[in-house]
Every structure is written in structure tokens, then in C-alpha cells.
Amino acid sequence: MPKLIVNDKEIEIEEGLTVLQACEQAGAEIPRFCYHEKLSIAGNCRMCLVEMEKSAKPIASCATTATEGMNIKTNTLKVEKARKNVMELLLANHPLDCPVCDQGGECDLQDQSMFYGLDLSRFTEKKRSVKKKYMGPLIKTEMTRCIHCTRCIRFATEVAGIDEIGAIGRGEDMQITTYLEKAMESELSANVIDLCPVGALTSKPYAFEARPWELKNTETIDVMDAVGSNIRVDTYGWEVKRILPKINEDINEEWISDKTRYACDGLLKQRLDKPYIRENGKLIKSNWTDAVQLVINKIKNTKPSQIAGFIGDLVDLESMYIFKKFFNKSLNSTNLEFRNEKRYLNPDERINYLFNSTINGIEEADLILLIGTNPRQEAAILNARIRKSYVKNKIKIYSIGDPGELTYPYEIIGHDTSVIKDIIEGSHHVSLKIKNSEKPLIIIGESILNSDAAEYIFKSIKNFLTKNDKINPNWNSFNILTQRASNVGAMDLGLYKITKKDNYEVLNKLNNNEFKLIYLLGADELKFNKKDEFIIYQGSHGDKGASIADVILPSAAYTEKDGYYVNLEGRIQKAFKASYPPGESKEDWEIINNISQFLNKRLDIINKFDLETKLIKSNNLYSKESYITKEKNSSEINQSKIPFINSKLEIKQIDYYFTNPICRASKTMLECKTVKNNFKLTGTEG
Amino acid sequence: MSIKKISKEQPEFFKFSEENLNKAKKIISKYPTEKQASAVMPLLYLVQGQNENWIPLVAMKYIAKFLNIPYIRVYEVATFYSMFNLSPVGKYFVQVCTTTPCMIRGAYKIVDVCKEKICENQKELSKDNIASWTEVECLGACVNAPMMQINDDYFEDLDKEKTEEIIEMILNDKQPKPGSYRNRKSAEPENKRTTLLNIKNA
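This one's a predicted model, so the numbers in the text were calculated from it and none came from an experiment.

Our focus in this paragraph is the overall build of chain B. Within chain B one finds seven helices and five strands. Each helix (α) and strand (β) of chain B, taken in turn from the N terminus, gives the series α-α-α-α-β-α-α-β-β-β-α-β. Dimensions of chain B along its principal axes, counting C-alpha atoms only, are 55 × 45 × 30 Å. When burial is assessed residue by residue, chain B has 44% of its 202 residues classed as buried. Relative to all contacts within chain B whose residues are 6 or more apart in sequence, the contacts with residues 24 or more apart total 61%. For chain B, the exposed surface amounts to about 11,900 Å²; the carbon and sulfur share of it is 51%.

What follows concerns the overall build of chain A. Helix and strand counts for chain A stand at 21 helices and 26 strands. Taken over the C-alpha trace, chain A has a radius of gyration of 28 Å; the compact-globule value for 686 residues is 26 Å, and the two agree within 12%. On the principal axes, the C-alpha backbone points of chain A span a range of 85 × 65 × 55 Å. Once local pairs closer than 6 in sequence are excluded, the contacts in chain A between residues at least 24 apart make up 69%. Of the roughly 28,200 Å² that chain A leaves accessible, carbon and sulfur atoms contribute 49%. Of note, chain A has its 96 positive side-chain charges centred 2 Å away from the centre of its 95 negative side-chain charges.

Turning next to a positive patch on the surface. Taken together, Lys131(A), Lys5(B), Lys8(B) and Lys123(B) make up a surface patch of like positive charges. With respect to the helices and strands, Lys5(B) occurs in the segment before helix H1 (18-29). For Lys5(B), a relative accessible area of 71% translates into the label exposed.

Below, the discussion takes up the sheet that holds strand E15 (residues 307-311) of chain A. Residue and element names in this part refer to chain A. What the seven strands build is an open sheet, ordered E14-E13-E24-E23-E22-E15-E16; its pairing is mixed. If you trace the sheet from one side to the other, it starts and ends with strand E14 (282-285) and strand E16 (336-337), each paired once. Of the pairings in the sheet, the one linking strand E13 (residues 276-279) to strand E24 (residues 551-554) comprises two bridges and is antiparallel in character. From the neighbouring strand, Ile 277 faces E24, where its bridge partner is Val 551. This element, helix H7 (residues 288-300), spans E13, E15, strand E22 (517-521), strand E23 (534-539) and E24 of the sheet and lies at about 125° to E24. Packed on one face of the sheet, helix H18 (residues 588-598) meets E22, E23 and E24 and runs near 150° to E22.

Listed by partner, the interface residues are 19 residues for chain A and 15 residues for chain B. Of the roughly 1,600 Å² buried at the junction of chain A and chain B (both faces included), carbon and sulfur atoms supply 58%. The largest contributions to the chain A side of the interface with chain B come from Ile168(A), Arg170(A) and Tyr179(A), which together make up 41% of the buried area. Inspection of the region where chain A meets chain B yields one salt bridge. Between Asp163(A) and Arg73(B) there is a salt bridge, with the nearest N and O atoms lying 2.6 Å from each other. Viewed at the interface, chain B and chain A are joined by five residue pairs in polar contact (both at pLDDT 80 or more). Only helix H4 (151-160), strand E7 (165-168) and strand E8 (175-178) of chain A provide two or more residues apiece to the side of chain A that touches chain B. If one sorts the elements of the side of chain A that touches chain B by residue count, E7(A) sits on top with four residues.

Here we take up the nonpolar core. Counting residues in each nonpolar core, the largest one holds 116 residues, and the members touching the most others are Ile72(A), Ile176(A) and Ile368(A). If you look at the next biggest cluster of nonpolar residues, it comprises 51 residues, including Trp288(A), Tyr353(A), Tyr519(A) and Phe534(A).

Pairing between sheet strands relies on hydrogen bonds along the backbone, with the strands arranged either parallel or antiparallel. All names here are of chain A. Taken in spatial order, the three strands line up as E10-E11-E12 in an open sheet, and their pairing is antiparallel. Because the sheet does not close on itself, it has two edges, and the strands there are strand E10 (216-221) and strand E12 (239-245). Adjacent strand axes in the sheet meet at a mean angle of 30° when their direction is disregarded. In this structure, E10 lies alongside strand E11 (residues 230-236), joined through six bridges in antiparallel fashion. Across the sheet, residue Lys 216 finds its bridge partner in E11, namely Thr 235.

Domain boundaries in chain B define domain 1 (18-80) and domain 2 (92-180). Its C-alpha centre places domain 1 of chain B at a distance of 29 Å from the equivalent point of domain 2 of chain B.

On to the pairing of strand E2 (residues 131-136) of chain B, then. All names here are of chain B. Burial analysis of E2 places five of its six residues in the buried class, which makes it a mostly covered element. Strand direction decides the pairing type here: strand E1 (residues 92-97) and E2, joined by six bridges, are parallel. Paired with Val 94 across the bridge in E2 is Trp 133.

Next up on the list: the side chain of Asp157(B). Residues and elements named next belong to chain B. Checked against the element boundaries, Asp 157 lands in the loop between strand E4 (153-156) and helix H7 (160-171). A polar contact of 2.6 Å, which involves the side chain of Asp 157, links it to the side chain of Ser 180. Excluding residues within four positions of it along the chain, Asp 157 makes contact with Val 143, Asn 144, Ala 145, Pro 146, Lys 162, Ser 180, Tyr 181, Arg 182 and Arg 184.

Right, let's get into the pairing of E15(A). Residue and element names in this part refer to chain A. Buried residues dominate E15, accounting for five of its five residues. Residues Ile 307, Gly 309 and Ile 311 line one face of E15 and the alternating positions Ala 308 and Phe 310 line the opposite face, and both faces are buried. In this structure, E15 lies alongside E22, joined through five bridges in parallel fashion. Bridging across to E22, Ile 307 finds its partner in Leu 517. In this region the chain leaves E15, passes through helix H8 (residues 317-330) and returns to the parallel neighbour E16; the handedness of that crossover is right-handed.

With that out of the way, let us pick up helix H11 (residues 417-425) of chain A. Every α-helix carries 3.6 residues per turn, so stepping three or four residues along brings you back to the same face. Residues and elements named next belong to chain A. Where H11 is concerned, the buried positions are Thr 417, Val 419, Ile 420, Ile 423 and Ile 424. Viewed end-on, H11 has its buried residues packed into an arc of 150°, placing them on one side of the element. Buried residues in H11 make contact with strand E17 (367-371), strand E18 (396-400), strand E19 (411-414), helix H12 (429-436) and helix H14 (454-467). The positive-phi residue at the C-terminal boundary of H11 is Gly 426, with phi of around 90°.

We now examine unusual backbone geometry. Most peptide bonds adopt trans geometry, and most residues besides glycine take a negative phi value. Residue and element names in this part refer to chain B. Of note, the amide linkage connecting Ala 145 to Pro 146 takes the cis form, showing an omega dihedral of -10°. Structurally, Pro 146 is set in the loop between E2 and strand E3 (148-150). Positive phi outside glycine occurs at Asn 53, with the angle close to 70°. Position of Asn 53 relative to the elements: it lies in the loop between helix H2 (40-50) and helix H3 (57-67).

Procedures and definitions
- Positions within a chain are numbered from 1, following the residues in the order the chain's sequence is written.
- Here the convention is simple: chains get letters from A, ligands get numbers from 1, in the order in which they are written.
- A pLDDT threshold of at least 70 governs which residues receive local features in this predicted model, and a stricter bar of 80 or more applies before side-chain atom pairs are shown or counted, although totals over entire chains, interfaces and linings include all residues.
- Excluded from the side-chain calculations are hydrogens and water; all other atoms, namely the structure's heavy atoms, are used.
- Helix and strand definitions here come from DSSP, where helices need a minimum of 4 consecutive H or I residues and strands a minimum of 2 consecutive E residues; each element is numbered from the N-terminal end.
- Throughout this description, buried means an accessible area under 20% of the type-specific maximum (1.4 Å probe, protein chains only), exposed means over 50%, and partly exposed covers the range between.
- Whether two residues are in contact is decided by their heavy atoms, any of which lying within 4.5 Å being enough.
- Only the protein chains shown count as cover for residues, and the accessible areas themselves come from Shrake-Rupley with a 1.4 Å probe.
- Atoms counted for the radius of gyration: C-alpha only. Globule rule: 2.2 Å times residue count to the power 0.38.
- Just so you know, the count uses Lys and Arg for positive and Asp and Glu for negative, and it drops His and the chain ends.
- A charged residue contributes its charge at one atom only: NZ of Lys, CZ of Arg, CG of Asp or CD of Glu.
- The patches described consist of residues with a relative accessible area above 30% and no salt bridge, like charges being joined within 9 Å and nonpolar side chains (Val, Leu, Ile, Met, Phe, Trp, Tyr) within 5 Å.
- In the sections that follow, a salt bridge refers to a side-chain nitrogen of Lys or Arg positioned within 4 Å of a carboxyl oxygen of Asp or Glu.
- When DSSP locates at least two bridges between a pair of strands, those strands are taken to pair.
- To obtain an axis, a line is fitted to C-alpha atoms, over the contacting stretch when the element is a helix, and the angle between two such axes runs from 0 to 180 degrees between their N-to-C directions.
- Buried surface area refers to the total accessible area, computed with a probe of radius 1.4 Å, that the two partners give up upon joining, counted for both partners together.
- Here a polar contact means two N or O atoms within 3.5 Å. Within protein one must be a hydrogen donor candidate and the other an acceptor candidate, and residues neighboring in sequence count only if both atoms are side-chain atoms.
- Here, nonpolar core means buried Ala, Val, Leu, Ile, Met, Phe, Trp, Tyr and Cys residues that are tied together by side-chain atoms lying within 4.5 Å of each other.
- Note that the domain bounds reflect an automated or database-derived domain assignment.
- Note on handedness: a crossover is taken as right-handed if, strands pointing away from the viewer, the path from the first strand over the helix to the second is clockwise.
- Working definition: the arc comes from the directions between the helix axis and the C-beta atoms, pointing outward to the latter.

So this is what it looks like as C-alpha cells:
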């Protein structure tokens, strides 16, 4: 461990750190533009100059490795003068348009020029001006402001895995652009906006909407996919203006997907703000008293066995908990289901539906096998981790089924279940590789769980891994990639009905039209032929569920309530209220609690706090926030007992920008989808 | 130097000729496996040789696929180096050096001749598409300043009249004689040697 002196203070640091990192550890802040913790080192902005003993010139601290015996000074006159000169040169070509620049208030250049900027410019020459570049519907460019830090290029190449941004020309005329100004085709593209230290790349949908100091910030959890990215929601009054990533090294690091970031304009559109009742085939605006009364009458006149409840993709734990209680206690019904299609589920153990290796664990993996999944679309942030792991360790990645374009090279080893049979029996070359590897990572996607061979694949893969000791307390290589924010929580709380004979009892009954009363708790993706069922839809957006409903009970969206979510690793996280529900809409638990009161079958929930406490107590897994289970060894089953089913494995392409009601209401998501489709039609290949 | 303009008229198709394909393969074989990307510059130069001294976009894509690297990486290199032309140039491509030594010795007189005889603007084709001219940075022949380069040859020790002569010849599709136009032997002094007299073969 090298020891060095920073500003007369001796510190001991880890091997391989840069001088900049060492200075930070010693408590000296270094200004920088091009350096970023998560990207490779470029060393081209020269803002991080520090003085080193025995060096005639100041050194770029970000690009110098800290070594034994260095004597660094960061606060001398020489350093200040060097930085001032660098800043003066950066500002020589930077326009003075801060008043009309969206970066104003959170601009690195603006902030740092407060300390290092000169009060007047000595340059009388003309400033350079650069044409705006098109980078897609999310990124607004003003390339005159660019200071050539190349963070965006490095992000696209290293993290997003799409080599589409580059620097053309040279010297003063260097320009950042995508190849022939095509839209950036990545699910993580908008992260370059956060990375840009100046206002060259700003957010297009958020252009001229607000200034950062006018916004109220709330740190919360994303629900667009099951990853549970940590986000910061910025609101202006009721309106959610923008969503930014919040750093969580265990989940999303510093990135969020474009859907997470830009579906927020969907929170303003298509909102249900009043209860509706269907009269003569038309939905008529109503009020809470009438709507609840109608619901209660229907419940009273229907046999409990004919009532079913379905849970949507974005529902929080509290709502699900009270919904289950409401069904079991107030309605005496157990017909609950969170799956929207026939997806195989084995709830015997908790590891059966989790991403057990954890997102952080991906970086340790030495082999990855994707079975019927396209992580790029199903969990973009998780995909970025796989890419990181690939870049770091050059691991081999195999896929069963064709996932299409991913951001790292992979090898397709088959398209049907016979490959899985070969692997399990040991006759496939990948089989041996899995056995020999220390930390393999097997990811099973929903496309598989939806297929006929789901049970076979699920059980035999798990069995194979157990047999070879790949599921143990130190490393669990068995992973299920869930796509929906509510699903893991629903499985934890038991919002499904599985009998020995029938894995999909409620769904089968639904398709046979055996229910008379259907309660949709934010469930929009359910596909069935409606006959004479009475449908109650409780949710935030006027989408598929609301269009078939007979009564609509408006409720809050994910930014408008406190609530717990469990992500695909089984990590419980709390989302906080950033805004409030529009119009007359209420939080889900309140609505359900009300109905139970009017039914005279009150649940013993006093208030939200009481509900939260009871929820946390109900499941000892939830006693600690951000808790991840380390399950014990799983027991082996006899392989011969699992019947082999031969079927083709196809990976269902999901409509990435349109997966839930909030995205579907979002104008930005529609634009992204259009651009992506046009891309496919015209093609980028020459 | 401003950023290069990319021609609006682009060919639809590009492919290496048989001869160039072999050359390209030979060039790539000089680099370690998985480092073929390093061959991008010689390959771009090959393209330029095959395609009338300029590189169309399809050729950049062709090379990107040839070397298995992203398009933008080829595009970056092609826009960086001034010796890669991204729009058509004349059969006779005149590059006039205007860096300090040449400038002091009257490079702008040559520029004026080019403007008058070839085309008002640099990097544009003359009327009959036979020639085009551009200002460039130092070509490393300062001793023989002012000078210009036409295709692969240097024309040195120029003045206004001699430049006019040369340009007139190329406009009539005749190959002028390269080298010094004041009868100097490469970079030697014009009359008698005044230094290094005691060395015979200096």
C-alpha cells in the first residue's frame, strides 16, 4: 500500500489508484471535466492539474497513478494559476449563453468558473461555432457548448456497448457526433445527458421546462422494470418534470434506462382522476360514493368463488398485502393472480423466482448462459452489468434461443429444449464448462417460463446446478429474470393460486369465463375474452384495463405514494411520495380499506403507518431494508421424474418502449418507438 | 483547417479490386490477430487510390465491415487526416503549402493563381472537373519554398509565372515536370556551395 503526502498530510492508499482519487481520499477536492469514476481515463481536459514535488510542470492528476513517496500539493498558487489558464482556454470557445442554457444551475463549467474563471476574456478572436447534431428524440444538442471531454464517447463505447458516438475532425474543429447523425440506438442513451459536464447534450423532452433550483427532489425507486433502479424524481408542484438516476452501486450504479427516465411524461397524460361507472356501454363520470356503493352491491350479490383479483405490474407491496387480506378476510376468496399469462411458477423456495447471483454478482461471474432471455430489453441496467463483466473479465457468454442484438458478443448454442437435455446429460461442451467454472451465471427468461417446456427446463436446470454444487451459500448460479416491478413482491406475499394439478388455476378459470366479478388492481396486460363479467378496474391510467371496466376507481401512480417494492434480486426498497394523486384519485390501500369498511368487514388497518408495520412484520424477509437472502443448499430431485418435452425456444421480443400503462401514455416513449421502427425499416446497413 | 465537407453525391457501391483486395489482406496480416483495426489508415489510402483520389461513405462502411469495427471509428480517422479526401477532387489535385516559410516566400501568389485559373474556392472542382486545389499545412519542403504538390509530385522554387505555366499545363491535361523550377538539385544552394566545403560528397 503506497504512502504519499497530499497537502502535507500523509495518507495510505490502495494500490493502483490515481493521484486524483488519492487527493479525494485526503479530502482535497480536484476540479475535473473529462474524468469520471465509471469511465476510462482520457486526461484531455487538463482541469485536474496538481503540483508534484520534483516535477517542473503540474501533472494531470486523473491520468497519473499514485505511487510511493509522492508529494502532492493541490492548493498552491502555481496550481491555481495553471487551472485558471486551462479554464480560460476552455472558455475561449465556450458561448456565453448560460441564461438560455438548460444546464444552468447544474453545470460543471459554470460552477468551476466561479472559482477558476477570469472575470473578463482576453480573447478577441471569433468564437468557434458548431452545427447542432441530431442524436435522437431524447438528446438535445448544442455542440458549440461542447468542451471535448469525450465522456459521451466513452460512455457509448464502454458502458452502453454501442460504438455510435465519435469525434470527427481534429484540433479546434473537433466535433462530437453520431455516425452521420443517426439516432443513438441504445436503451441507456440518455445517460450521456447526465455525463455531459456542460450544456452540449441536454434533455430534449425537458428542454426549457424548469431550472434545477425550482424543483423539489425526491429520492425513490423506479418501477419500469424489475431491477428497481434508484432514481431521483424532480417535481414542480404536482408535475413530475424529470427523473434522474441516484447512485446505488449495488443496483444501477450511476445509470438508468431511457424508459425509466422519460416515461415520466406519461404520468401527466391519460390519468384517471374521477371514478367512472359504465352506463349503457359508456363510461360516465361519477363520484366515490356511487362507485363504491356499486362495487359493494356487486360483491354482496356474487359468490366468493366467482370473484377473482388480478394484480398489475406496477403495484407496491402495501397494496398487494392489503388486497390479499381484503380478498381472504372480507371476500372469503382466494382467487388471486399476479401473472398476466400462463407463466410457470414454482414457489416452493424463494430462490425459485429470484435473480440469486445478485446484480453485483454478475461482475464476479466467469461464464454466462442466457436461456430464452434478451436482457437488453428486459432489464437494460442489468444488461449493462453483463457488458461490464464482459469488458472486465472477457467472459464467455452463451445463449439458448436468439435474443437479437445485444451489447456484447455471445454464442448461440441452440434453439430448442434438446440442447438443455444435452447440457444436463453432460454431452454438450457447455455442460463441462459450467461444471468447471467457479461462478457460472445461468439466466432464465420469461420467454422460457411462458413456454410448454417451462417446468422441464426450470426443474432440470435447477437440478443440474444443485447436483454440481453451483447453488450454495457462497454462489447461487440459478437466476430468473423477472420483467415486472410487482412480481417478486407478489410471489413473496403469495398472490397466486397454485394447486398440485394446475399451475394456472385462476387464469384457466378466467379463460373459461367462470368468474362473475373481476377486480383488476392496476392490471392492464391481462388478455381474455370478456363475456358477462363485471369488471372493477383500480389504477392510475386509462389504458387497456380501464377500457374494459364497468367501474373505475382512480388511484395513485408510483411517484404519488410511499410504497415498498422488491426487485428481481429480492431486495426490498422503499419508494417515496414525490407528487400527489391528481383529482379525486386516492392511494390503493385507502380505496380497498374503504370498500372493506363499507362491506362491514373491516380490516384491522388504522393508517398507512400501521399497514407498513404489519406488512414488514408479515414476512421476516422484510425486516431489514435492502436485504438479500442467502438461501441454503437446495435439495436435489430425481431427474428421471421430470418428463422431457421437446419444443422450440423462441425469445419473445418485448415492445421495449410500451411495456406498461405509464409508458403507453408517454409521448416521449411513442417518439422513441417511432424512431426505432423507422430505423428498422430504412436500415442502417449500407 | 475546417471540418471536411462530405460530398453530397455519393456512389452507391464500393468494392476493392482484385489487386487491392490482395494488398489489403497483406496489410492486415502485418498486424496481430484481433488488432486488424490498426490497418484502417493504409486501407483508406488504398480506397483513395482506387476511387479517383477520394473516399466515399460506402467505402468507409466497406472498410468498417472488412475490419469488423464500428462505422464511426473509420469515419473519425477519415475526417481527422487531411490526406484523406471525402469529396471528389480533380484529376490533378493541387495542394499549395501556405505555412510560414512558404508564406514568407510568396505562397499566396500561388494561391492567387490557383484561384484565378482553377476555381475561386478551394476544394471545389474546376469547370471541366480536371483540377482542384487546396491550401495545406507544411509539406516539409521549406528549403525550396514556395512550393506545391500535384498528386504525388512536388513542384518547388515557384513564382507567379512558373505556377501559371504549370497550372496551364495541367488544365490541358499535360504532366508538368516535377522538382525545382530554379534548376536546383534537390535542396542544394542555387549557385555555389558556401558551406561544408571540406566534405567532398556533402
